[in-house]
Amino acid sequence: MAPYESDDAVDDARGDAPHAGRRKAARYAVPVAVVGVAAATIGLVPALAASGDPDLPKITAKQLIDKIAKSDVQQLSGTVKISTDLGLPNLGGLESGLVSEAAKGAGDGSSADPQAKLTELASGTHTLRVAADGPQKQKVSLLDSGSEYSLIHDGTNVWGYDSKTNSVFHSTSADSGKDHKAEPPATPKDFADQALKAVDGTTSVTVDGTEQVAGRAAYKLLIKPRQSGTTVGAISIAVDSKTGMPLKFTLTPKSGGAAVVDAGFTEVSFAQPAASTFRFTPPKGAKVTEQKKDATAREHAPEGGEGFAGGHDKGTVLGKGWTSVATFDTGAKGGLPTGSKAGDLGGFLGSLGDHVSGKFGKGTVFSTRLVNALITDDGKVYAGAVTKDALVKAANEGK
């Protein structure tokens, strides 16, 4: 089916849709938040086959954004496939190990800690089972060969269970209505919520026809940056025509090729899940780790508030829209370790980056297909979904 007539009155759509103010305040969310998750994160090569374009009533981009904003799906269950293809060099599995170890360092030491386990979504292809029954009952299970990790939110209790190590992580919340979102996004809606924050005057938004996802008829919302200098090519969101819930999210880089982020339902039901889905009792012999008291403060700390390599300033954002660049000072002078003190690791890290210089001084740029980061010799970091030249320009102007 040919694309519908587009609606590029983005400012009007942004102004009329609910939560517009919040989107405007966080208009750099895709380059820094969604894509920031991808940096630590998350491209399933179109894994959800379409079986013919459904014939649906025409809808404008503004109407479709409103439909997403007004969607209020409280009950669902299904299977989600998610993957990342950042184009990182093949390190023989070392990269996934480094991500895992970094995640453990950010958590409470248990392999069942969500901050440790769900960071595995940062690379490769994964299958998730998800279920929800209102704001107080949710479950996400990460399926692995021969093992399973489950994160269950049931009222004031949050449980993480790693069957491979028979480990349990437990935390409680006095406010059962709190949204437990300390973990990376895991569903198309999670990604779409972040992407829609970027809808402003720097963005083109159109309706790009229809498709079938998980057996349901969906509209395709196409989001494209209008700015040059970004590495983001386009974001496509398949929106369920009946409920308005995003069913599939695909982010493709400007350089082309496979998607960087692609998350979508392979099956979904909006019936109420069985109550037993959200019940959990630690298995016999399991090692149970209780959340540390200071972890709650860490979970709700402002973004950027935790230290990089021990502690950095909260940082600032340079520029706007898709070419926004986050910058902060690590406090570590001298840039990357080199020479005899660095050993083989320092030389290896240096070989992965491009050495650059400018008004800011000297530094090294580390690039992926989406997120690029510049680490200067005086300890500053500049990162975003922008090109190497855009990073250097931001560093020069920021200096």
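Here the structure is a predicted model, which means the values were calculated and not measured.

Enquirer: How do you make sense of the pairing of strand β11 (residues 261-269) when you look at a structure like this?
Expert: Sheet analysis places strand β1 (residues 75-84) next to β11, joined by eight bridges and oriented antiparallel. Each residue of the ladder has a partner; that of S77, found in β11, is S269. In this sheet, β11 lies alongside strand β10 (residues 246-253) in antiparallel orientation, the contact comprising four bridges. Looking at β11, one finds that T250 is bridged to D262.

Enquirer: Please clarify how the sheet that holds strand β13 (residues 316-318) should be interpreted in this entry.
Expert: In any sheet, the strands associate via hydrogen bonds between backbone groups, in a parallel or an antiparallel arrangement. Ordered in space as β13-β14-β18-β17-β16-β15, the six strands form an open sheet in which the pairing is antiparallel. Across the chains shown, the open sheet's two edge strands, defined by having one partner strand only, are β13 and β15 (354-358). On average, adjacent strands in this sheet sit at an angle of 25° to one another, irrespective of strand direction. Where β15 and strand β16 (residues 361-367) come together, five bridges link them in antiparallel fashion. Its bridge partner being in β16, H355 is matched across the sheet by T364.

Enquirer: Sorry if this is basic, but what is going on with empty space enclosed by the protein here?
Expert: Here the idea is plain: a probe the size of a water molecule rolls over the atoms and shows the empty space left. Computed from the structure, the largest cavity encloses a volume of approximately 50 Å³. Among the elements that take part in the lining of the largest cavity, strand β4 (residues 147-154) stands out by supplying three residues, more than any other. Broken down by class, the residue content of the lining of the largest cavity amounts to two nonpolar, one polar and six charged.

Enquirer: Even after reading the chapter, I still don't get the sheet that holds strand β2 (residues 124-133), so can you show me in this structure?
Expert: With respect to topology, twelve strands assemble into an open sheet ordered β7-β8-β9-β10-β11-β1-β2-β3-β4-β5-β6-β12, the strand pairing being mixed. Each edge of the sheet is formed by a strand with only one pairing partner; in this case those strands are β7 (203-213) and β12 (287-290). Shown here is a sheet whose adjacent strand axes are inclined to one another by a mean of 15°, direction ignored. The strands that helix α4 (residues 61-70) touches are β7, β8 (216-225), β9 (232-240) and β10; relative to β8, the one it contacts most, it runs at about 110°. Here helix α7 (residues 188-196) sits on the sheet and contacts β1, β8, β9, β10 and β11; the angle it forms with β10, its principal contact strand, is near 60°.

Enquirer: I keep staring at unusual backbone geometry and nothing clicks. Help me out?
Expert: Where the residue is not glycine, phi is negative for most of them; where a peptide bond is considered, it is trans in most cases. Although it is not a glycine, N166 sits at a positive phi angle of roughly 50°. Here N166 shows up in the loop between β5 (157-162) and β6 (167-172). A positive phi angle is found at A214, which is not glycine, with a value near 55°. For A214, the location among the structural elements is in the loop between β7 and β8.

Enquirer: What's the story with the pairing of β1 in this structure? I'm lost.
Expert: Remark: a regular strand shows side chains that alternate across the two faces of the sheet. Of all ten residues in β1, seven are buried, a share of seventy percent or more. By the bridge criterion, ten bridges tie β1 to β2 in an arrangement that is antiparallel. Across the sheet, K81 pairs through a bridge with T127, a residue of β2.

Enquirer: So what exactly am I meant to see when it comes to the layout of surface pockets here?
Expert: Size it by volume and the second largest pocket reaches roughly 230 Å³. Together, S228, G229, L318, G319, T323, V325, A390, K393, A394, E397 and G398 line the second largest pocket. By residue number, the principal contributor to the lining of the second largest pocket is helix α10 (residues 388-398), which donates five residues. Of the residues assigned to the lining of the second largest pocket, the class counts are four nonpolar, five polar and two charged.

Enquirer: Can you walk me through the nonpolar core in this structure?
Expert: What tends to happen in soluble globular proteins is that the nonpolar side chains get buried as a cluster. The biggest cluster of nonpolar side chains holds 55 residues, and the ones touching the most others in it are L128, L221, I223, I235, I237 and F249. Leave out the neighbours within four places in its chain, and L221 touches A61, L64, I65, I68, L196, V205, T206, I235, S236 and I237. One finds V325, F360, V386 and A394 within the second-largest nonpolar core, a separate group that totals eleven residues.

Enquirer: When you look at the pattern of salt bridges in this model, what are you seeing that I'm missing?
Expert: Tallied over the entire structure, the rule returns nine salt bridges. A salt bridge links D154 to K137; the nearest nitrogen and oxygen atoms lie 2.8 Å apart. Highlighted residues: D154 in strand β4 and K137 in strand β3 (residues 137-144), separated in sequence by 17 residues. Given the relative accessible area of 29%, K137 is considered partly exposed.

Enquirer: What's the story with the packing of aromatic side chains in this structure? I'm lost.
Expert: Two numbers describe a pair of aromatic rings. These are the distance of the centres and the angle of the planes. Here the structure, examined in full by the defined rule, presents three aromatic pairs. Between Y161 and F280, the ring centres sit 5.7 Å apart and the planes meet at 45°, which makes this aromatic pair tilted. Here the residue Y161 occupies a position in strand β5, and F280 occupies one in the loop between β11 and β12, the gap between them amounting to 119 residues. Judged by relative accessible area, Y161 falls into the buried class, the value being 17%. With a centroid separation of 5.2 Å and an interplanar angle of 25°, the aromatic rings of F191 and F249 are classed as stacked. Within this pair, whereas F191 is found in helix α7, its partner F249 is found in strand β10, the two being separated by 58 residues in sequence. Neither F191 nor F249 differs from the other in exposure class; each is buried. Through a chain of ring-to-ring contacts, the aromatic side chains of W159, Y161 and F280 assemble into a single cluster.

Conventions used here
- Residues numbered from 1 in each chain as written.
- Predicted model: local features only at pLDDT ≥ 70, side-chain atom pairs only at ≥ 80, totals over all residues.
- Heavy atoms only, no water.
- Pairing = 2+ DSSP bridges.
- Helix = DSSP H or I, 4+ residues; strand = E, 2+ residues; numbered from the N terminus.
- Axes fitted to C-alpha atoms, helices over the stretch in contact; angles between N-to-C directions.
- 1 Å grid on protein atoms, 1.4 Å probe; cavity = no way out; pocket = protein on both sides within 12 Å on 5 of 7 lines; lining within 4 Å.
- Points joined across faces, edges and corners; volume = space filled by probe spheres on them.
- Nonpolar A, V, L, I, M, F, W, Y, C, P; charged D, E, K, R; others polar.
- Contact = heavy atoms within 4.5 Å.
- Buried < 20%, exposed > 50% of the residue type's maximum accessible area, 1.4 Å probe, protein only.
- Core = buried A, V, L, I, M, F, W, Y, C linked by side-chain atoms within 4.5 Å.
- Salt bridge = Lys/Arg side-chain N within 4 Å of Asp/Glu carboxyl O.
- Phe/Tyr/Trp six-rings, centres within 6.5 Å; stacked < 30°, edge-to-face > 60°.

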